[in-house]
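Here's the letter readout for the chains.
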Amino acid sequence: MHDDGYDHTEVERRWQAAWEDADAYRTPDDVADPTYVLGMYPYPSGEMHMGHVRNYTITDAYARFRRMQGDDVLHPMGWDAFGLPAENAAKERDTSPREWTFDCIDRMKDQMDAMGFGYDWDREVTTCRPRYYKWNQWLFRRFVEEDLAERRDAAVNWCPSCETVLADEQVEEDEELCWRCGTPVEERELEQWFLEITEYADELVEAIDELEGWPDSVRQMQRNWIGRQEGSRVPFTLEGHGEIDAFTTRLDTIHGATFFALAPDHPVSERLAEEDDAVHEFLHQEADPEGDEPNGIRTGLTAENPVTDEELPVFVADFVLSDVGTGALYGVPAHDDRDHAFAEKMDLPIRPVVAPDADAEVPDVDREAYTEDGVLVNSGEYSGLTSEAARTQLTEDVDGAAFETVYRLRDWGISRQRYWGTPIPVVHCDDCGPVLVPEADLPVELPEFINVTGNPLDEADEWKATTCPDCGADAERETDTMDTFVDSSWYFLRYVSPDLDEAPFDVDRANDWLPVDQYVGGIEHAVMHLLYSRFFQKVLADQEGLAHREPFENLLAQGMVQLEGEKMSKSRGNVVSPQAIVSEYGADTARLFMMQAAQPERDFDWSEEGVRSAHAFLTRLKTTVEDYRAGEIPRADDPGTVADYVESETDATVAVATPEYDDLTFNTALREVQDLVGTLRQYREHAAVDPEVFERGLSVALRLLAPVTPHIAEELWDELGREGFVVDADWPETEADRETVEKRRRLVENTREDVREISDVAGIDDPERIDIVVTPAWKHEALRVALESDANNLVGELMAHDDIKRHGETAADYGKDLQAEREALTEPLDPETEHAALRAAAWLLEREFDADVRVLRAVDAPEDIVARAEPGRPAIDIAE
RNA sequence: GCGAGGGUGGCCGAGUCCGGACAAAGGCGGCGGACUUAAGAUCCGCUCCUGUAGAGGUCCGUGGGUUCGAAUCCCUCCCCUCGCACCA
C-alpha cells in the first residue's frame, strides 16, 4: 500500500491551485527591497527540458527559502520569445511565428506550473509583445541619440539561394554551406546597425574584478572576450607608401626586428597585389589564415625601423590579421615563437636583444625564441634597461610612437535580416537618409507574416511604405530587426514595472530593487548575454539614472544534467523527458532528486535509481506523518533520554541545513533533512514518542524540505494540523551552533565505533552490559590549561593547579601525554555536555547490541576504568 | 600555446580556502543480519590489510619540498574538462 507511493498528481494539482487562489507568490509594488531571485528566461520551445528544470528548481528553492526567512522576494518569469526557430517552424507548418510562439508559451507555462515553480505571473514579460519591444525601440533611439549606436558597413554571411543573411552558427562545415539549402555562403557588405559596446570596454573589463559573486570561469571568459592589450603604436616608413603603424606589446624588442609584415587584406597589400603578380597570387591562392603554417611572400619593399633606421624586408603574411592591432607588425624572431618559425622558414636573421637578467648570458635563440621579459642587450643606449622600463622609454622617445590599448571586443552588430524580432525603428528617406522613428510613433509593429524565401519584411510593401518623419516625403521602413540579445539585455529591469507605459522601467523602483541578488543560468551565456546586460546596465546608469552599474550581484552557472556522462541531446537520442518523470513520480520527486544529486554548479548523471530513492524517501516521510496523525505511533508522557537525542538532532539539522541553503548547496542541506527523518523513524520504532519532540522534528523536517518539495510539504503540513501554508511558515531557528553539533556527533559516532571495534576484536558476540564512563573534570581542565599554555614545562605548569596535582602520578602521566601531543590538541566539549550527549545516545547502543548501557560520570565508576578516559573519548567497559 | 577548473577508496562524491580528532562524510553497488511464506520495501551492521579491549600498517594522479604533523601549503611532471588562440 504505502510502498506504491502516493497519488502525487492529485496532491500536486491541489496545492498548485491553492497557491494560485491565494496569490502566494505575488510581490507587491510597495515592498522596499525584495530579494531578487532570477532564472534566465527561456526561449519558448514548447518543451521544458532537464536543463530548465534544474535551473528553475534552483531559483525556486532559493526564493522559497528566502521567503520563509522573512524576506520579501521577487521571483518572476518571462519569455525570450523572438527568434529564428519560430520563423522556421511557421514556414514548415504554414502558421505564423506569433501563433506558434504563443502556443509554445502556453504549453511551457503549464509545464512550469506542474513543476510547482512559484512565480509572480503578474510580472510576466513576453518580448514579442509590442508593449515590450516598443521599449527595445525606445532604447535604440536613446542609444542613437547618445552616439552609442551607428550605422556602418559590415561583412555578413549571405546565402544567394535563400536570399538572406545567416548567423555564423548557420554556416556549416569547412566549405561554409548554408544550413538550409547547402549552397556555398558568400560574404557581403551590408549596412548594419552597431551598438558601441567598445565605448565601455574598459569599464566592462575592469569591473570584472569587483564581481565577487560570480564564478571565476565566467569572469575569465569575459576578460578573454574583451581581450584588452596594452602596448604601443609605432610608425614604420615604407618606401612609396608613407608611414604604416605597427602595434606591439613588446616595444622593448624593437632592436631585434628583422622583418615587417602586413595582413593580406591590408590596404597596402591590396595595392601591391595590383602591380605585383606574385603578391596577387599569394593573396588569392596561398594565403591561409585558418591554417597553422605561417605563410608569407616577400614584396621587395623595405620598411625603416624608426629606432635603428635599419631597412627591414616587408612581407605580406597570412598570420597577420587585419582586425588585430593595426594589421601590420614588425617581427622579432628571437623573442616571439611565431616570428621565430617564420624567420626559419624565410631564412631571416634571428637577433637576441633581451637577456633574462643583467648578469645572464645572452640567450641562445637559434632553436627557440626567448619570450620572457628581461634586460635589454644589443640595443644601443637602451641596453641595460629592464623590458618594462624600455617599453616606456622607447614609446616616449620614438617620433610618432604612442601608448595604445587595443581590444578583441568589437562593436555589437544588432541588425538581423529576419522577420521575428524587434523592427529597428528607422525610416530611409532619399533626401534625409536614415531617420529615427519619433518616440510618439513607437512601437513600430510587425506586419502580418508572409511565408516567403528571404526576409518577409522586404515583401511587406504596404508596411514598408511610409513617409519621412523629417521632410514628409515618401520613404521606406528599415526592414532589419534586432538581435534577440537586445531583448534579454534589460528584461530583468522590466519585471520591476512590467505594465509601465511611460518608460521601459520605473527608475526609482529599479534603484530600490536591483541588482538581481541571485541570478542562475547556463554557462553558455557566460559571454554574450551577460556581457550585453552589463553593457546596457552601464549605459542606463549613465543615461537614465539607474543607480547600479552591474545588474547581477551573484551569479550561479548551473551544471549539466547528463546521462551516462554525456550531455543530453536530441541528436544523441539520450534525452530523459521531465514530463515523463513528473507523471510517473511527481514534481517533488524530480525536484528533490535533482537538488540532492550534486552541488548546483556541477554536472551530474541522471539516474533512475536516484529518482526512485528520492521518491521512496518522500513516501516514508508521508507515511510517518500519517501514522502519527492517525495515532498509530505510541506516545509517552515521560520524554526520557531518547527524546533528548531527537531534540538535539532536530536542532543540529537546522544548524547545519540553514547555512547550506544560504550557500545554495541544497545537496548537503537535504542530506541533513533525510537524516533527521531517519532519526525520527528510528525513534518511533525504539520507544513510545514524546509528542512535542516528535512533532517538532516533523515540523522542522517539513519546513526544511518545503523549498525543494513544496507540494508534499504543504500536504503534510496540513496533515499535521498546522495553520496556513508551509510556504509562508517561518524558517525554523535554533540556538545550536554548528561546531558544537559536529563535536557532539563525532563523540557519539566515535564512541559507537569504539564499542563495535572492542567487541569485535575482543570477540564479544553478545555483550550483557556496556559502561560508558565520561572523563573526569580534572582531565578536561588539564587539557584546557595545555591549550592555553605556552610554557616549556607543561607538567610543571599543570602541577600548579591543585585540582590536577591532587591526582599525583596519574596527573603527571597525563601531563606527559598532553606534552607529547601538544601541537595537535583541540578544544573539547565540557564534561557535562559529553555526559548529556552520550546519555542521550545510549539507546543507539542498546538497540544495536541488545545490552544494558550505562553512561557514568567518573566519580561513579571504578578508577582503573576511568583511567582510560580522555576528553572526547570516554572509557568503555563491556561485560559479557 | 595561454588562461581557468579538476584528478580522493569498486563507482559517484564531500573534505582542500583557515594543515592536526582523516582509513577519509554521504550515496550507489556488494556482503551479512532482522522482518516476511517469499520477493519488494524498510531497518541494523560490514565493505584497504593485520589484530582475542578501542591498536598497528598502507592510502587521497606522479615525484620532491616545508612542518612535530600534509588529501589539505609550495615546486616538478602527467592526465581530464572548459574557454581563448597564428592576438602582434
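That block above? That's the structure.
The structure reproduced in this document is the subject of the present report. (Residues numbered from 1 in each chain as written. Chains lettered and ligands numbered in written order. Predicted model: local features only at pLDDT ≥ 70, side-chain atom pairs only at ≥ 80, totals over all residues. Heavy atoms only, no water.)

## Describing the pairing of strand E10 (residues 229-238)
Relative to strand E18 (residues 402-406), E10 runs antiparallel, the two sharing five bridges. Bridge pairing in E18 links Arg233 to Ala402. Here seven bridges tie E10 to strand E11 (residues 242-248), and the two strands are oriented antiparallel to one another. What sits directly across from Arg233, in E11, is Phe247. Where E10 folds back on E11, the antiparallel hairpin that results is connected by three residues, among which Gly240 adopts a positive phi of roughly 80°. With two bridges joining them, E10 and strand E13 (residues 296-304) adopt antiparallel strand pairing. The partner of Leu238 across the bridge, within E13, is Ala303. (Pairing = 2+ DSSP bridges. Helix = DSSP H or I, 4+ residues; strand = E, 2+ residues; numbered from the N terminus.)

## Here we look at helix H22 (residues 666-686)
If you check H22, its first and last C-alpha atoms are 30 Å apart, about what 21 residues at 1.5 Å a residue would give, namely 30 Å. Every buried residue belonging to H22 is among Phe666, Asn667, Thr668, Ala669, Leu670, Glu672, Val673, Leu676, Val677, Thr679, Leu680 and Tyr683, and all of these are buried. (Expected span 1.5 Å × (residues − 1). Buried < 20%, exposed > 50% of the residue type's maximum accessible area, 1.4 Å probe, protein only.)

## Quick word on a negative patch on the surface
Taken together, the side chains of Glu753, Glu757, Asp760, Asp765, Asp766, Glu768, Glu846, Asp850, Asp852 and Glu880 make up a negatively charged region of the molecular surface. When residues in the negative patch are grouped by element, the largest group, three residues, is from helix H25 (residues 738-761). Inspection of the secondary structure puts Asp760 in helix H25. For Asp760, a relative accessible area of 61% gives the class exposed. (Patch = residues over 30% accessible without salt bridge, like charges linked within 9 Å, V, L, I, M, F, W, Y side chains within 5 Å. Areas by Shrake-Rupley, 256 points an atom, 1.4 Å probe, with all protein chains shown as cover. Salt bridge = Lys/Arg side-chain N within 4 Å of Asp/Glu carboxyl O. Lys, Arg positive; Asp, Glu negative; His and termini not counted. Charge placed at Lys NZ, Arg CZ, Asp CG, Glu CD.)

## Regarding the packing of aromatic side chains
Applying the stated criterion across every chain yields a total of 42 aromatic pairs. An aromatic cluster of three or more residues is present, and its members are Phe143, Tyr200, Trp412, Phe485, Tyr532, Phe535 and Phe536. The cationic tip of Arg635 hangs over the ring face of Tyr628; the distance from NZ or CZ to the ring centre is 4.1 Å. Taking NZ or CZ as reference, Arg722 lies 5.6 Å from the ring centre of Trp717, over its face. (Phe/Tyr/Trp six-rings, centres within 6.5 Å; stacked < 30°, edge-to-face > 60°. Lys NZ or Arg CZ within 6 Å of the ring centre and 35° of its normal.)

## Considering the sheet that holds strand E6 (residues 164-166)
Neighbouring strands of a sheet are bound in pairs by backbone hydrogen bonds; such pairs are parallel or else antiparallel. As summarised here, the arrangement of the four strands in space is E6-E5-E9-E19, forming an open sheet in which the pairing is antiparallel. Edge positions in the sheet fall to E6 and strand E19 (412-413), since each of these pairs with one other strand and no more. Where strand E5 (residues 149-159) lies against strand E9 (residues 186-195), ten bridges are found, and the strand directions are antiparallel. Across the sheet, the residue bridging to Arg152 is Gln192, located in E9.

## Regarding the pattern of salt bridges
When the charged atoms of two side chains with opposite charge come close together, those side chains can pair. The final tally for this structure, using the stated rule, is 67 salt bridges. Across the pair Arg351 and Glu310 runs a salt bridge whose closest N-O atoms are separated by 3.2 Å. Taken together, the positions of Arg351 in the loop between helix H10 (337-346) and strand E16 (354-355) and Glu310 in the loop between E13 and strand E14 (311-317) put the pair 41 residues apart, joining distant regions of the chain. A relative accessible area of 27% places Glu310 in the partly exposed class. Taken together, the shared-partner salt bridges in this structure form one network comprising Arg26, Asp29, Asp120, Asp122, Arg123, Asp506 and Arg509.

## With respect to the packing of helix H20 (residues 608-629) against helix H23 (residues 691-705)
Running from N to C, H20 and H23 cross one another at 145°; their axes reach a closest spacing of 12 Å. The two elements H20 and H23 meet at a crossing, and its hand is left-handed. Here H20 contributes Phe617, Leu621, Thr624, Val625 and Tyr628 to the contact with H23, which in turn contributes Pro691, Phe694, Glu695, Leu698, Leu702 and Leu705. Its residues placed into classes, the contact of H20 with H23 shows nine nonpolar, one polar and one charged. (Axes fitted to C-alpha atoms, helices over the stretch in contact; angles between N-to-C directions. Left-handed = near helix turned anticlockwise from the far one by under 90°. Contact = heavy atoms within 4.5 Å. Nonpolar A, V, L, I, M, F, W, Y, C, P; charged D, E, K, R; others polar.)

## Structural notes on the side chain of Thr653
Residue placement: Thr653 occurs in helix H21 (residues 640-662). Excluding its chain neighbours within four sequence positions, the residues that come into contact with Thr653 are Glu672, Val673, Leu676, Leu704 and Arg745.

## Examining H10
Taken together, the buried positions of H10 are Asp339, His340, Phe342 and Ala343. Projected onto a plane normal to the axis of H10, the buried residues spread over an arc of 165° and lie on a single side. Lining the buried residues of H10 we find strand E12 (259-262), E13, E14 and strand E15 (328-331). Its side-chain oxygen placed 3.0 Å from the backbone nitrogen of Arg338, Asp336 serves as the N-cap of H10. At the exit of H10 stands Asp347, carrying a positive phi of roughly 60°. (Arc of directions from axis to C-beta. Polar contact = N/O pair within 3.5 Å; in protein donor to acceptor, adjacent residues only side chain to side chain.)

## Some thoughts on the environment of His525
Summarising the element assignment, His525 is placed in the loop between strand E26 (516-522) and helix H17 (528-544). Separated by 61 residues in sequence, His525 and Gly586 have C-alpha atoms that sit 30 Å apart. With residues near it in sequence (within four places) discarded, His525 still touches Met40, Phe485 and Leu530.

## Points about empty space enclosed by the protein
By the definition in use, this model includes four cavities of 30 Å³ or more. If you add up the space inside the largest cavity, you get close to 50 Å³. Looking at the largest cavity, the residues that line it are Val748, Thr751, Arg752, Ile772, Leu838, Ala841, Ala842, Leu845 and Val855. Secondary structure elements with two or more residues in the lining of the largest cavity: H25 and helix H30 (831-849). Ranked by the residues each element gives to the lining of the largest cavity, the list is headed by H30, at four residues. Residues that form the lining of the largest cavity fall into these classes: seven nonpolar, one polar and one charged. In this structure, the second largest cavity encloses a volume near 40 Å³. (1 Å grid on protein atoms, 1.4 Å probe; cavity = no way out; pocket = protein on both sides within 12 Å on 5 of 7 lines; lining within 4 Å. Points joined across faces, edges and corners; volume = space filled by probe spheres on them.)

## Observations regarding unusual backbone geometry
With omega at 0°, the peptide bond leading from Leu442 into Pro443 counts as cis. By the secondary structure assignment, Pro443 is in the loop between strand E22 (433-436) and helix H12 (456-459). The step from Leu514 to Pro515 runs through a cis peptide bond, and the omega angle for that step is -5°. With respect to the element layout, Pro515 can be found in the loop between helix H16 (507-513) and E26. Located in the positive-phi region is Asn378, a residue other than glycine, with phi close to 50°. With respect to the helices and strands, Asn378 occurs in the loop between strand E17 (375-376) and helix H11 (387-397). A positive phi angle is found at Leu664, which is not glycine, with a value near 65°. Of the residues examined, Leu664 reaches a relative accessible area of 8% and is grouped as buried.

## Section: the state of the cysteines
Such a bond, covalent and formed between the sulfur atoms of two cysteines, is termed a disulfide. Evaluated as defined, the whole model comprises zero disulfides. Residue Cys128 stays outside any disulfide, its sulfur separated by 11 Å from that of Cys104, the closest cysteine. Here Cys471 is not disulfide-linked; the sulfur of Cys429 is the nearest cysteine sulfur, at 3.6 Å. For Cys471, a relative accessible area of 42% corresponds to the partly exposed category. (Disulfide = S-S within 2.5 Å.)

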